[in-house]
Amino acid sequence: MSKPQDGFVSRFLNRPISSRITRLLVKFPIHPIAFTASIFVLPLVAGVFLLRGDYLSILMGAAVFQVFSILDGCDGEIARAKNLESKFGERLDSVCDFLGSLIYVLALGSGLHHFKEGVVCALLITANELLLRWGTRAKRVASEDFHDLCGGCFS
């Protein structure tokens, strides 16, 4: 169930674990959007640990965030398995992922007394998201323009 955009950790750690968890979750009346919203508490918990700044707290915060990262794959898997995919669910997942990443770098930077570096990371993550969205939107518009230009000749 891996996706082409999955990185190394996602492909070889997160997806194999999330796939097994999803097989259990689809047996219950869980809606993917509710699942996305409910696991968003994990980056908040991770952030609290990371803010403390001591070794054990950072280790715990990173572990909680990794659990979030694993479970984050389950919402899409549940949606596909139950045929409940939606644009809203996709957007909610993206927003939660983005906010979770910001919480992580800001809390880690603050906890390690390197808040400026955390802010720089947060700005880089934001710029990356904006560039990805701009690139995707430009690609979609170009595709629609091409389709209009050829009059649907490939339909």
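A. Seen up close, the environment of Leu 106. One can find Leu 106 in helix H5 (residues 87-111). The class for Leu 106 is partly exposed, based on a relative accessible area of 29%. Sequence spacing of Leu 106 and Val 120 is 14 residues, and the spatial spacing of their C-alpha atoms is 9.0 Å. Sequence-distant contacts of Leu 106, defined by excluding residues within four places in its chain, comprise Phe 115, Gly 118, Val 119 and Ala 122.

B. Quick look at the packing of helix H1 (residues 8-25) against helix H4 (residues 55-81). Two elements in contact, H1 and H4, have axes separated by 8 Å at closest approach and are oriented at 55°. By the angle between their directions, the pair H1 and H4 is classed as oblique. Taken as a pair, H1 and H4 cross one another with a handedness that is right-handed. Here Val 9, Leu 13, Asn 14, Arg 15, Ile 17, Ser 18, Ser 19, Ile 21, Thr 22 and Leu 25 of H1 lie close against H4, whose contacting residues are Gln 66, Ser 69, Ile 70, Leu 71, Gly 73, Cys 74, Glu 77, Ile 78 and Arg 80.

C. Region of interest: the packing of helix H2 (residues 32-39) against helix H3 (residues 41-52). Two numbers describe how H2 lies on H3: the axes approach to 4 Å, and their chain directions differ by 10°. When the axis of H2 is compared with that of H3, the two are roughly parallel. Where H2 approaches H3, its residues Ala 37, Ser 38 and Ile 39 are matched on the opposing element by Val 41, Leu 42 and Pro 43. Of the residues belonging to the contact of H2 with H3, the class tally is 5 nonpolar, 1 polar and no charged.

D. Spotlight on the pattern of salt bridges. Under the counting rule described, the total for this entry stands at 1 salt bridge. Between Arg 15 and Glu 77 there is a salt bridge, with its nearest N and O atoms 3.4 Å apart. Taken together, the residues span a long stretch of sequence, with Arg 15 in helix H1 and Glu 77 in helix H4 at a distance of 62 residues. For the residue pair Arg 15 and Glu 77, the accessibility class agrees, reading buried in each case.

E. Examining H4 more closely. In this model H4 runs 40 Å from its N-terminal to its C-terminal C-alpha over 27 residues, within 8% of the 39 Å that 1.5 Å per residue would give. Asn 83 lies just past H4 and shows a positive phi near 55°.

F. Molecular detail of the nonpolar core. Leu 25, Phe 35, Ile 39, Leu 42, Ala 46, Val 64, Phe 65, Phe 68, Leu 71, Cys 74 and Ile 78 form the largest nonpolar core, which has 11 residues in total. Where this core is concerned, the elements lending two or more residues are H2, H3 and H4. Element by element, the count of residues in this core is highest for H4, at 6 residues.

G. Expanded view of the side chain of Asp 75. Following the sequence through the fold, Asp 75 ends up in helix H4. Arg 80 provides the closest opposite charge to the buried, unpaired Asp 75, separated from it by 7.1 Å. Among the polar contacts made by the side chain of Asp 75, one reaches the side chain of Thr 36 at a distance of 2.6 Å. The residues touching Asp 75, leaving out its near neighbours within four places in the chain, are Pro 32, Phe 35, Thr 36 and Asp 93.

Scoring rules and cut-offs
Residues numbered from 1 in each chain as written. Predicted model: local features only at pLDDT ≥ 70, side-chain atom pairs only at ≥ 80, totals over all residues. Heavy atoms only, no water. Helix = DSSP H or I, 4+ residues; strand = E, 2+ residues; numbered from the N terminus. Buried < 20%, exposed > 50% of the residue type's maximum accessible area, 1.4 Å probe, protein only. Contact = heavy atoms within 4.5 Å. Axes fitted to C-alpha atoms, helices over the stretch in contact; angles between N-to-C directions. Parallel < 35°, antiparallel > 145°, perpendicular 65-115°, else oblique. Left-handed = near helix turned anticlockwise from the far one by under 90°. Nonpolar A, V, L, I, M, F, W, Y, C, P; charged D, E, K, R; others polar. Salt bridge = Lys/Arg side-chain N within 4 Å of Asp/Glu carboxyl O. Expected span 1.5 Å × (residues − 1). Core = buried A, V, L, I, M, F, W, Y, C linked by side-chain atoms within 4.5 Å. Lys, Arg positive; Asp, Glu negative; His and termini not counted. Polar contact = N/O pair within 3.5 Å; in protein donor to acceptor, adjacent residues only side chain to side chain.

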